[in-house]
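Observations on the model geometry
Listed below, chain by chain, are the residues.
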Amino acid sequence: MPSPSQLLAFTLTAFVIIVIPGPSVTFIVARALAHGRRAAVLTVIGNTMGEYVQVVAVAFGAGVLVERSVAAFTVLKLFGAAYLIYLGLRAIRDRGSLGAFLDPEPPHSAARYVVQGSAVGVANPKTVIFLAAILPEFVNRTAGRIPEQVLFLGLLFSAIALVSDTAWALAAGAARAWFARSPRRLRLIGGVSGLAIVALGVRLALTGRRD
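Every value quoted in this text rests on a predicted model; they were computed, and no experiment measured them. (Residues numbered from 1 in each chain as written. Predicted model: local features only at pLDDT ≥ 70, side-chain atom pairs only at ≥ 80, totals over all residues. Heavy atoms only, no water.)

Quick notes on the packing of aromatic side chains
Under the definition given, this model contains 1 aromatic pair. With a centroid separation of 5.5 Å and 70° between ring planes, the pair formed by phenylalanine 10 and phenylalanine 138 is classed as edge-to-face. Remark: phenylalanine 138 occurs in the loop between α7 (125–134) and α8 (146–180) and phenylalanine 10 occurs in helix α1 (residues 4–19); sequence separation between them is 128 residues. Phenylalanine 10 gets classed as buried once you look at its relative accessible area, which sits at 0%. For phenylalanine 138, a relative accessible area of 14% gives the class buried. (Phe/Tyr/Trp six-rings, centres within 6.5 Å; stacked < 30°, edge-to-face > 60°. Helix = DSSP H or I, 4+ residues; strand = E, 2+ residues; numbered from the N terminus. Buried < 20%, exposed > 50% of the residue type's maximum accessible area, 1.4 Å probe, protein only.)

Given below as structure tokens:
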């Protein structure tokens, strides 16, 4: 296992990386404003699951391929960008029906929000670079069992992300209450959140590896 000093250093590094808003936080906030806290929290759960898929990939070597291969990184990045643009356009199209989400049981299933969050989490390049290029630096190589250490550190990273992202989701969901008092405001925030997701997808597509 990593030494206590390595664990502390990793925790602090992961915290700094996570609290800086990136694609996942932007998407979660947009979902909270458009669909409420329930949808946002489910999105957080899905996003965390998707990011842990990256952890497993790093633990067993696939993360190194993605981090070092321009082609693999580009494919992953463009997949995430295309999916975000698709979701943003749908949010803009459906902004007039957002009033339905004020009901106790939204029409979208929990699984749908989780799956959407997972897709964004898997394709988040910020997490790919951190897990593939930075996380291995905190592994205690003299202790052996490298994959197990990576999985443990990834679990710690996911736990920090889950708490931080949930805080963003709840805060944005609380802000949505003001918009929910007026159908016009609700349509406005639906359109704005959709545009934000589309802009996020475009930015992701145009982002180079150095970012």
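Back to the text.
Overview of the side chain of serine 24
By secondary structure assignment, the location of serine 24 is in helix α2 (residues 23–35). Here asparagine 47 takes part through its side chain, which lies 2.8 Å from a polar atom of the side chain of serine 24. Those residues in contact with serine 24 that lie beyond four places of it in its chain are Asn47, Glu51, Val120 and Asn124. (Polar contact = N/O pair within 3.5 Å; in protein donor to acceptor, adjacent residues only side chain to side chain. Contact = heavy atoms within 4.5 Å.)

Concerning the packing of helix α3 (residues 37–59) against helix α6 (residues 110–122)
Relative orientation of the contacting elements α3 and α6 amounts to 40°, with a least axis distance of 6 Å. Taken together, the axes of α3 and α6 are oblique relative to one another. Crossing of α3 against α6: the hand is right-handed. In this structure, α3 contributes Arg38, Ala39, Leu42, Thr43, Gly46, Asn47, Met49, Gly50, Glu51, Val53 and Gln54 to the contact, and α6 contributes Ala110, Tyr113, Val114, Gly117, Ser118, Val120, Gly121 and Val122. Residue classes in the contact of α3 with α6 are distributed as 9 nonpolar, 8 polar and 2 charged. (Axes fitted to C-alpha atoms, helices over the stretch in contact; angles between N-to-C directions. Parallel < 35°, antiparallel > 145°, perpendicular 65-115°, else oblique. Left-handed = near helix turned anticlockwise from the far one by under 90°. Nonpolar A, V, L, I, M, F, W, Y, C, P; charged D, E, K, R; others polar.)

What about the nonpolar core?
Formed by 17 residues in total, the largest nonpolar core has its most connected members in Phe10, Ala14, Leu131 and Phe157. Of all the secondary structure elements, the ones that give two or more residues to this core are α1, α3, α7 and α8. If you tally residues by element for this core, the top one is α8, at 5 residues. The contact partners of leucine 131, leaving out residues within four places of it in the chain, are Glu51, Gln54, Val55, Val58, Pro136 and Phe157. (Core = buried A, V, L, I, M, F, W, Y, C linked by side-chain atoms within 4.5 Å.)

Remarks on the packing of α2 against α3
Helix-helix packing is characterised by the crossing angle of the two axes and by the distance between the axes. For the pair α2 and α3, interaxial distance at closest approach is 8 Å and the crossing angle is 155°. Accordingly, the angle class assigned to the pair α2 and α3 is roughly antiparallel. α2 and α3 meet at a crossing whose hand is right-handed. For the pair α2 and α3, the contacting residues are Ser24, Phe27, Ile28, Arg31, Ala32 and His35 in the first and Ala39, Ala40, Thr43, Val44, Asn47 and Glu51 in the second. Looking at side-chain class alone, the contact of α2 with α3 contains 6 nonpolar, 4 polar and 2 charged residues.

Side note on a nonpolar patch on the surface
There is a patch of nonpolar side chains on the surface, built from Phe15, Val16 and Val19 and spanning about 240 Å² of accessible area. Within the fold, phenylalanine 15 resides in helix α1. For phenylalanine 15, a relative accessible area of 46% puts it in the partly exposed group. (Patch = residues over 30% accessible without salt bridge, like charges linked within 9 Å, V, L, I, M, F, W, Y side chains within 5 Å. Areas by Shrake-Rupley, 256 points an atom, 1.4 Å probe, with all protein chains shown as cover. Salt bridge = Lys/Arg side-chain N within 4 Å of Asp/Glu carboxyl O.)

Quick look at the side chain of asparagine 47
Relative to the helices and strands, asparagine 47 resides in helix α3. Among the residues examined, asparagine 47 registers a relative accessible area of 1% and is labelled buried. Here the side chain of asparagine 47 touches glycine 121 through a polar contact of 3.3 Å, landing on its backbone nitrogen. Sequence-distant contacts of asparagine 47, defined by excluding residues within four places in its chain, comprise Ser24, Gly117, Ser118, Val120, Gly121 and Asp165.

Things to note about α1
Its 16 residues place the ends of α1 22 Å apart at the C-alpha level, agreeing with the 22 Å of an ideal helix rising 1.5 Å per residue. Within the span of α1, buried status applies to Gln6, Phe10, Ala14 and Ile18. Taken down its axis, α1 places every buried residue within 85° of arc, on the same side. Exposed side chains of α1 directed beyond 90 degrees from the buried face belong to Pro4, Ser5, Leu8 and Leu12. (Expected span 1.5 Å × (residues − 1). Arc of directions from axis to C-beta.)

Remarks on the confidence of the model for the protein
Segments scoring low in pLDDT should not have their predicted coordinates read at a detailed level. Across the protein, the average pLDDT comes to 76, with 72% of residues at 70 or higher. Per-element mean pLDDT across the protein ranges from 53 in helix α4 (residues 62–68) up to 90 in α3. Of the regions scoring below 50 in pLDDT, residues 98–105 engages in 16 contacts with residues more than four places distant in sequence or in other chains. (pLDDT = per-residue confidence, 0-100.)

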